[in-house]
Amino acid sequence: APGSVVVGSKWGYRYTADWRVDAAVHEIKEHSHAMLRRQLAESRALLGAHLDLYQIHSATLDSGAFDDAVLDELARLRAEGVLVGLSVTGPAQGDTVRRAMEIESDGRPLFSAVQATWNLLERSAEDALKEAHARGAGVIVKEALANGRLTDRGAHVDRLRPLAAERDTTIDALALAAALARPWASVILTGAATSEHLRSNTAAFGVRWDDALETATATFRQDPGAYWRERSALPWT
């Protein structure tokens, strides 16, 4: 996957470097059984005994991630002691999360973690993520800054700047604080590419998210279809 990764939770952050991708096709989704076996072998070769959580990336209801052969392979993996998860994408994220949570193996949910987009603009999966959390799944939030749209360089800067100024914080910290305030969220992912970004992001821990902010940002919510169409038009970096 392209971009840079900062893995954060309510307790800390881990930082890795930035890279760019220049390709005719930036992302190809293939969730076949053959691809799963190939990529699982690659993951084991790279991580060895350190593979604790194996996640399918960008699953949808019709991507093949829920085919019987794929689920059987994931069940075998979990029986070996590796937790299984998946990330979801698109305007039907909530439906995909609920489908995943219905799947059981040996009398318990197959998937131990779900990863979904949640931010002030795209909240459509929230109820499904609450349900997943209530069932014991770890919930990972991705794209909490809406691929840069909720930063000082984004399209919503004029709406966010006054709210951030009132709290004496940065725009990105405010947006991340919204995600950190979700009681069902276990881990928050951001896309910091520099130490300056990282410092600005971690200021989110000092923002007190309250009812006033929740009310003030309620109108930020977009229609899921419109959000994902806009996202698909963004440049890859």
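Residues numbered from 1 in each chain as written. Predicted model: local features only at pLDDT ≥ 70, side-chain atom pairs only at ≥ 80, totals over all residues. Heavy atoms only, no water.

## Focus on the overall build of the protein chain
Item 1. Counting its regular elements, the protein chain contains nine helices and nine strands.
Item 2. A buried classification covers 46% of the 237 residues belonging to the protein chain.
Item 3. If you take every contact in the protein chain between residues at least 6 apart in sequence, the share linking residues at least 24 apart comes to 77%.
Item 4. Summed over its atoms, the accessible surface of the protein chain is roughly 12,200 Å², and 51% of this surface lies on carbon and sulfur atoms. (Helix = DSSP H or I, 4+ residues; strand = E, 2+ residues; numbered from the N terminus. Buried < 20%, exposed > 50% of the residue type's maximum accessible area, 1.4 Å probe, protein only. Contact = heavy atoms within 4.5 Å. Areas by Shrake-Rupley, 256 points an atom, 1.4 Å probe, with all protein chains shown as cover.)

## Quick notes on the pattern of salt bridges
Item 1. Throughout the structure, instances matching the rule amount to 17 salt bridges.
Item 2. Between Glu131 and Arg98 there is a salt bridge whose closest N-O contact spans 2.8 Å. One end of the pair, Glu131, is in helix H4 (residues 126–134); the other, Arg98, is in helix H3 (residues 93–102), with 33 residues separating them in the sequence.
Item 3. Since its relative accessible area comes to 37%, Glu131 is described here as partly exposed.
Item 4. The exposure class of Arg98 is partly exposed, given its relative accessible area of 33%.
Item 5. Close ionic contact of Glu214 with Arg182 constitutes a salt bridge, the shortest N to O distance being 2.8 Å. Placement of the pair is Glu214 in helix H8 (residues 211–216) and Arg182 in the loop between helix H6 (171–180) and strand S9 (187–190), with a sequence separation of 32 residues. (Salt bridge = Lys/Arg side-chain N within 4 Å of Asp/Glu carboxyl O.)

## Some points on the nonpolar core
Item 1. Core analysis: the biggest nonpolar cluster contains 62 residues, and Leu74, Leu86 and Phe111 have the highest contact counts within it.
Item 2. If you tally residues by element for this core, the top one is H6, at nine residues.
Item 3. In this view, Leu74 contacts Leu36, Tyr54, Ile56, Val84, Leu110 and Phe111; residues no more than four positions away in its chain are not counted. (Core = buried A, V, L, I, M, F, W, Y, C linked by side-chain atoms within 4.5 Å.)

## Let's talk about unusual backbone geometry
Item 1. Positive phi outside glycine occurs at Asp106, with the angle close to 55°.
Item 2. Positionally, Asp106 belongs in the loop between strand S5 (104–105) and strand S6 (108–109).
Item 3. For Asp106, a relative accessible area of 72% translates into the label exposed.
Item 4. The backbone of Asn147 shows a phi angle near 55°, a positive value even though the residue is not glycine.

## Remarks on the environment of Arg78
Item 1. For Arg78, the location among the structural elements is in helix H2 (residues 68–79).
Item 2. Distance in space between the C-alpha atoms of Arg78 and Tyr54 is 9.1 Å, their sequence separation being 24 residues.

## Let's talk about the confidence of the model for the protein chain
Item 1. When the pLDDT values of the protein chain are averaged, the result is 88; 87% of them are 70 or greater.
Item 2. Here residues 1–19 is a poorly scored stretch, pLDDT under 50, and it has 63 contacts once near neighbours within four places are set aside; other chains count. (pLDDT = per-residue confidence, 0-100.)

## Brief notes about the packing of aromatic side chains
Item 1. In this structure the tally under the stated criterion is three aromatic pairs.
Item 2. For the pair Tyr227 and Trp228, a centre-to-centre distance of 5.5 Å together with 75° between the ring planes defines the contact as edge-to-face. Like Tyr227, the residue Trp228 is buried in the burial classification.
Item 3. Taking NZ or CZ as reference, Arg99 lies 5.5 Å from the ring centre of Phe66, over its face.
Item 4. The ring centre of Phe220 lies 4.1 Å from the NZ or CZ of Arg159, which sits over that ring. (Phe/Tyr/Trp six-rings, centres within 6.5 Å; stacked < 30°, edge-to-face > 60°. Lys NZ or Arg CZ within 6 Å of the ring centre and 35° of its normal.)

## Describing the pairing of strand S8 (residues 138–142)
Item 1. Burial within S8 is extensive, with four of its five residues counted as buried.
Item 2. As defined by bridge partners, strand S7 (residues 113–117) adjoins S8 across five bridges and the pair is classed as parallel. Bridge pairing in S8 places Ala116 opposite Val141.
Item 3. You can see the chain leave S7, run along H4 and come back into S8, and the turn it takes is right-handed.
Item 4. Pairing of S8 with S9 involves two bridges; the strand directions are parallel. In the strand pairing of S9, Ile140 is matched with Val187. (Pairing = 2+ DSSP bridges. Right-handed = clockwise from strand over helix to strand, strands pointing away.)

## Considering the packing of H3 against H4
Item 1. Relative orientation of the contacting elements H3 and H4 amounts to 20°, with a least axis distance of 8 Å. Classified by the angle between their axes, H3 and H4 sit roughly parallel to one another. In this structure, H3 meets H4 at a crossing whose hand is left-handed. Contacts between H3 and H4 involve Gly94, Val97, Arg98 and Met101 from the former and Asp127, Ala128, Leu129, Glu131 and Ala132 from the latter.
Item 2. Of the residues that constitute the contact of H3 with H4, the class distribution is five nonpolar, one polar and three charged. (Axes fitted to C-alpha atoms, helices over the stretch in contact; angles between N-to-C directions. Parallel < 35°, antiparallel > 145°, perpendicular 65-115°, else oblique. Left-handed = near helix turned anticlockwise from the far one by under 90°. Nonpolar A, V, L, I, M, F, W, Y, C, P; charged D, E, K, R; others polar.)

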